[in-house]
Each structure stands twice: as structure tokens, then as C-alpha cells.
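A look at the structure
For reference, the chains in residue letters:
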Amino acid sequence: MAAGTTRDQITAAADRLFYERGFEATSFADIAAAVNLSRGNFYYHFKSKDEILAAVIARRVETTRAALDAWAAAAAGPADGIRSFIGMLVANRAKIMRHGCPVGTLCAELAKLDHAAQGDAAAIFTLFRTWLADRFAALGHGADADALALHALMRSQGIAALATALHDEAFIDREVEALEAWLDDLPQAPARP
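Residues numbered from 1 in each chain as written. Predicted model: local features only at pLDDT ≥ 70, side-chain atom pairs only at ≥ 80, totals over all residues. Heavy atoms only, no water.

The next thing to look at is the UniProt feature "DNA-binding region" (unreviewed entry) in the protein chain. Following the UniProt record, one finds the feature "DNA-binding region" (unreviewed entry) at residues 27-46. The distance separating the terminal C-alpha atoms of residues 27-46 is 13 Å; by composition the span is 70% helix and 0% strand. (UniProt positions renumbered as here; feature names shortened; annotations may be inferred. Helix = DSSP H or I, 4+ residues; strand = E, 2+ residues; numbered from the N terminus.)

Below, the discussion takes up the packing of helix α5 (residues 78-91) against helix α8 (residues 118-138). Contact geometry of α5 with α8 gives a least axis separation of 8 Å together with a crossing angle of 145°. Here the hand of the crossing between α5 and α8 comes out left-handed. Here P78, G81, I82, F85 and M88 of α5 lie close against α8, whose contacting residues are F128, W131, L132, R135, F136 and A138. (Axes fitted to C-alpha atoms, helices over the stretch in contact; angles between N-to-C directions. Left-handed = near helix turned anticlockwise from the far one by under 90°. Contact = heavy atoms within 4.5 Å.)

It is worth spelling out the pattern of salt bridges at this point. Scanning the model with the defined rule gives nine salt bridges in all. Salt-bridge contacts for D15 lead to R59; the nearest nitrogen and oxygen are separated by 2.9 Å. Of this pair, D15 sits in helix α1 (residues 3-21) while R59 sits in helix α4 (residues 49-74); the two residues are 44 residues apart in sequence, bridging distant segments of the chain. Judged by its relative accessible area of 33%, R59 is partly exposed. Residues D173 and R93 are paired through a salt bridge, measuring 2.5 Å at the closest nitrogen-oxygen approach. Of the two residues, D173 is situated in helix α10 (residues 169-185) and R93 in helix α6 (residues 93-99); the sequence distance between them amounts to 80 residues. Taking the relative accessible area as the measure of exposure, R93 reaches 18% and is therefore buried. When salt bridges that share partners are traced, they join D15, R59 and R60 into one network. (Salt bridge = Lys/Arg side-chain N within 4 Å of Asp/Glu carboxyl O. Buried < 20%, exposed > 50% of the residue type's maximum accessible area, 1.4 Å probe, protein only.)

Unusually for a residue other than glycine, D114 sits at a positive phi of about 50°. Within the secondary structure layout, D114 lies in the loop between α7 (102-112) and α8. By relative accessible area, which is 63% here, D114 ends up exposed. Even without a glycine there, the phi angle at H167 is positive, about 50°. Relative to the helices and strands, H167 is located in the loop between α9 (145-166) and α10.

Bringing α5 into the picture now. Along its 14 residues, α5 runs 20 Å from first to last C-alpha, staying within 8% of the 20 Å computed at 1.5 Å per residue. At F85, α5 shows its largest bend, some 25°. Those residues of α5 not exposed but buried are A79, G81, I82, F85, I86 and L89. Check the buried side of α5 and you find it contacts α4, α6, α8, α9 and α10. (Expected span 1.5 Å × (residues − 1). Bend = angle between axes of the 7 residues up to and from the residue.)

This part covers the side chain of H99. For H99, the position within the fold is in helix α6. Discounting residues that sit within four places of it in the chain, H99 has contacts with Y19, E20, T105 and T164.

What follows is the structure in C-alpha cells.
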């Protein structure tokens, strides 16, 4: 197996385990077992758990950028892009009900640990924030675009947190519908002459 491929497999396994179990609760041995590597071979690719965490965060940043690019490309307009963001709650509802939001739970855990990588993990939220703000600005809400982006992020995180606690699909559906209605009810931008 090529070194790059093994490293990618380790990162993918760590990403899944950090999401399902948490960063602190996942050991080197857990990750090595998930990819069927001996500890010696494992240490060839990653010397520390923090090194694995950095690779997982980089993977999540890359995955987030790819999703945002795909949503932008598929959207008929900025509101459709925002709906794609909102729709991710429904598309990932089973995972969210079991483990929460992968970004939110990692950020919360790293903050509790006062981990040096908490800012790197929070950068994923910044990607969402900037992308959403761009769409709100394109809808004519330039002055309020960042506040609207943060509001959408806040509501999505609240929905994810409560979905994890309540395990209620109907709750997710209701709240996603309410978030979409909020988007639809935003004042329309003035027409340009």
C-alpha cells in the first residue's frame, strides 16, 4: 500500500472515529485497528495524535470547500445555495441524531480541552460563514449579510444539538421548514435601476 494511500486511510478512519467517539476518547490503537495497521506502521505515518487531528481538520476543510463549491454550482441563485446549506440537516439527519454536527462537536470538545487546534477546527465554521454571507449579500443584504450568515449557522447548530439530544426526526423537519420560511420571509432587496 502506498504511503499516501495509507495516510489517507488513517486520516479517514480517524475522522470517522473522532466524530463518532470524540477526539479524546479515540486512541492510537483504535485508529490503527480500524485500518488494520500495526502500531509501528502507524507511527511511520503519524507521530502524535495532534498530527492526526491536524490531518482530520485539513480533510474536513477540504470536504467543506468541495461541498460549498458543489452547492454554488448547482444553485439557480443565492437563495438556492443557502437552501442547500439548510438541507444538509435533513440529508445527514441520521448521523446528526447519533453524533451531532461533526464541526460543532469537534469545536466544542477542543474548546473544553483548551486544545491548540480549536482555532483550526473553528475555521470550518468560518468557511460556512463567509460562503453564506456572500449569498446573503448577493440577495441584496450586504450590510446585514454577516449577521444573517451567523444566524443561519446558529440555528443549524441549535437544530443539530437538539436533534442529538431528542432523537426526533420530526423536530429536524419542522425546524428545517422554519429555517427555510425565515429565508423566504427576508425582505427582498431593492430592485436596481
